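# Tertiary structure, described
Residue-level listing of the chains:
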Amino acid sequence: MSGILQRISEIEAEMARTQRNKATMGHLGMLKARLAKLRRELIEPKGGGGGTGEGFDVAKTGDARIGFVGFPSVGKSTLLSNLAGVYSEVAAYEFTTLTTVPGVIRYKGGKIQLLDLPGIIEGAKDGKGRGKQVIAVARTCSIIFIVLDVLKPLQHKRLIEKELEGFGIRLNKTPPNIVYRKKEKGGINLQVMVQQSELDSDTVKTILGEYKIHNADITLRYDATAEDLIDVVEGNRVYLPCLYLLNKIDQISIEELDVIYKIPHCVPISAHHKWNFDDLLEMMWDYLQLIRIYTKPKGQLPDYESPVVLKASQVSVEDFCNKLHRTIIKEFKYALVWGSSVKHQPQRVGKDHILNDEDVVQVVKKI
């Protein structure tokens, strides 16, 4: 472990020394690829699996999962206690929470699991503290809440982002629009749709050479960076939405609050006084991109109490049936839909019909 850390710091020092220009782009790309490989070894050592972090892995329940990430003593446990009514030990000293504490809230009919993760310290991505297990649980979440103390400087935000980036979590980003396909023979074939400022054929070959890949088709559809290409080749990156919760706003002035409101992806709150929780939950729902579908048994009124919650990427009638029960789609004949996704109320649709938020669906089975 210490050998890997030493090599990482040596590569980072060399990258800091190297001037950025066209002549050094290939060398820098190679160093970045080496760095990414060493980081992966830190997360998943090459030897046999070590002991798992006790008390960290929590069973996934509900429609979505939210992880609270932050430094010790920023109010994560208070926030969880006040949001979900779950008791997570709260005290005025650092490192009060030592394991993952789960809680569940119901919002707009959806069941959302909240995880209060232990505080992250600087260097978590290099295995310091229990940061490794904390960030491993954070990778399984649907959305990350980074809880920050509004009185402490914003560099804390950058430090946490750096720790999460080092673990392959990309916040509020979309996967790179790069087509990468390995093949048996034929060398490296690079196609460029847009003029590139950083990547050229030699740089791409150098980066892929680090991974011992000598035959591949690569299409760059936008002005990509070396990091984007490494992310695609590594293939283990997680792209998650993220909200920054600036806690303890009861200790600042109104003028400062106005400035904070202009920061993107930020929600100012006070966990202790329960201020601005409705704004937080509304933004959380927007970022999760969930859709509610109501069920209607034949000859009865729709059930508006417990909707079926689907992800915005999987909203066909088939996905809806699979969420209810896997066997339904085998007996599926057609569905009747009321709502904004159809012209007529009701309308007969097949299993490929795309549903909208708050549609009412009645499934008709084969006899």
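Here we summarise the structure given alongside this text. Because the structure is a prediction, the values reported are computed rather than measured.

### Considerations on the overall build of the protein
- Within the protein, the regular secondary structure consists of ten helices and 16 strands.
- Per-residue burial over the protein gives 46% buried out of 367 residues.
- Expressed as a percentage of contacts within the protein between residues at least 6 apart in sequence, the contacts between residues at least 24 apart total 64%.
- For the protein, the exposed surface amounts to about 19,400 Å²; the carbon and sulfur share of it is 51%.

### Focus on the sheet that holds strand E7 (residues 188-192)
- The three strands are arranged E6-E8-E7 in an open sheet whose pairing can be described as mixed. Two strands close off the open sheet at either side, each with one partner strand: strand E6 (178-182) and E7. Each strand axis lies, on average, 10° off the axis of its neighbour in the sheet, ignoring direction.
- In terms of strand pairing, E6 meets strand E8 (residues 216-220) through five bridges, oriented antiparallel. Bridged to Arg181 within E8 is Asp217.
- Against the sheet, helix H6 (residues 201-210) touches E6, E7 and E8, its axis set at about 135° to E7.
- Each of E6 and E8 touches helix H7 (residues 226-234); the most contacted strand, E6, lies at about 45° to it.

### With respect to the packing of helix H3 (residues 76-84) against helix H9 (residues 277-288)
- Remark: H3 packs on H9, axes separated minimally by 12 Å, with the N-to-C direction vectors making an angle of 90°. Accordingly, the angle class assigned to the pair H3 and H9 is roughly perpendicular. Note on element contacts: H9 touches H3 through Phe277, Leu280 and Leu281, opposite Leu79, Asn82 and Leu83.
- Broken down by class, the residue content of the contact of H3 with H9 amounts to five nonpolar, one polar and no charged.

### Details of the sheet that holds strand E15 (residues 347-349)
- With respect to topology, five strands assemble into an open sheet ordered E13-E12-E16-E14-E15, the strand pairing being mixed. For this open sheet the edge positions go to strand E13 (303-311) and E15, each flanked by a neighbour on one side alone. Ignoring strand direction, the axes of neighbouring strands in this sheet form an average angle of 40°.
- Across three bridges, strand E12 (residues 290-295) lies against strand E16 (residues 359-365) in parallel orientation. Of the residues in E16, the one forming a bridge with Tyr294 is Val360.
- Most of the contacts of helix H10 (residues 317-324) go to E13, to which it runs at about 115°, and overall it touches E12, E13, strand E14 (332-338), E15 and E16.

### Digging into the packing of aromatic side chains
- Under the criterion given, the structure shown has three aromatic pairs.
- Relative to Trp285, the ring of Tyr107 lies with its centre 6.0 Å away and its plane at 70°, an arrangement referred to as edge-to-face. With Tyr107 in strand E2 (residues 101-107) and Trp285 in helix H9, the pair connects residues that are 178 residues apart, well separated along the chain. Considered together, Tyr107 and Trp285 belong to a single accessibility category, that of buried residues.
- Between the NZ or CZ atom of Lys37 and the centre of the ring of Tyr211, over which it lies, the distance is 5.8 Å.
- Geometry around Tyr334 places Arg348 over its ring, the cationic atom sitting 3.8 Å from the centre.

### Section: the nonpolar core
- Residues Ile146 and Leu171 are the most contacted members of the largest nonpolar core, which totals 29 residues.
- Listed by contribution, the elements that provide at least two residues to this core are helix H4 (131-138), strand E4 (143-149), helix H5 (155-166), strand E5 (169-171), strand E9 (238-240), strand E10 (242-247) and helix H8 (254-260).
- Sort the elements by how many residues they give to this core and H4 lands first, with four residues.
- In contact with Ile146, not counting residues within four places along its chain, are Val69, Ile160, Leu164, Leu171, Cys242, Leu243, Tyr244 and Leu245.
- Among the nonpolar cores identified, the runner-up in size contains 27 residues, and Ile66, Tyr107, Leu243 and Leu280 belong to it.

### Regarding the pairing of strand E1 (residues 64-69)
- Burial analysis of E1 places six of its six residues in the buried class, the great majority of the element.
- Across the two faces of E1 the burial is the same, with Ala64, Ile66 and Phe68 and Arg65, Gly67 and Val69 all buried.
- Note: E1 against strand E3 (residues 110-116), five bridges, orientation parallel. Paired with Arg65 across the two strands is Gln113, which belongs to E3.
- Summarising the sheet, E1 and E4 pair through four bridges and their orientation is parallel. Each residue of the ladder has a partner; that of Gly67, found in E4, is Ile144.

### Examining unusual backbone geometry
- In this model, Gln345 is joined to Pro346 through a cis peptide bond whose omega is -10°.
- As for its placement among the helices and strands, Pro346 is situated in the loop between E14 and E15.
- The backbone phi angle of Lys212 is positive, close to 55°, even though this residue is not glycine.
- Assignment of secondary structure puts Lys212 in the loop between H6 and E8.
- Looking at Lys212, the relative accessible area reads 66%, which means it is exposed.
- The phi angle at Gln289 is positive, at roughly 55°, despite the residue not being glycine.
- Structurally, the position occupied by Gln289 is in the loop between H9 and E12.
- When its relative accessible area of 52% is taken as the criterion, Gln289 is described as exposed.

Rules used in this analysis
- Residues numbered from 1 in each chain as written.
- Predicted model: local features only at pLDDT ≥ 70, side-chain atom pairs only at ≥ 80, totals over all residues.
- Heavy atoms only, no water.
- Helix = DSSP H or I, 4+ residues; strand = E, 2+ residues; numbered from the N terminus.
- Buried < 20%, exposed > 50% of the residue type's maximum accessible area, 1.4 Å probe, protein only.
- Contact = heavy atoms within 4.5 Å.
- Areas by Shrake-Rupley, 256 points an atom, 1.4 Å probe, with all protein chains shown as cover.
- Pairing = 2+ DSSP bridges.
- Axes fitted to C-alpha atoms, helices over the stretch in contact; angles between N-to-C directions.
- Parallel < 35°, antiparallel > 145°, perpendicular 65-115°, else oblique.
- Nonpolar A, V, L, I, M, F, W, Y, C, P; charged D, E, K, R; others polar.
- Phe/Tyr/Trp six-rings, centres within 6.5 Å; stacked < 30°, edge-to-face > 60°.
- Lys NZ or Arg CZ within 6 Å of the ring centre and 35° of its normal.
- Core = buried A, V, L, I, M, F, W, Y, C linked by side-chain atoms within 4.5 Å.

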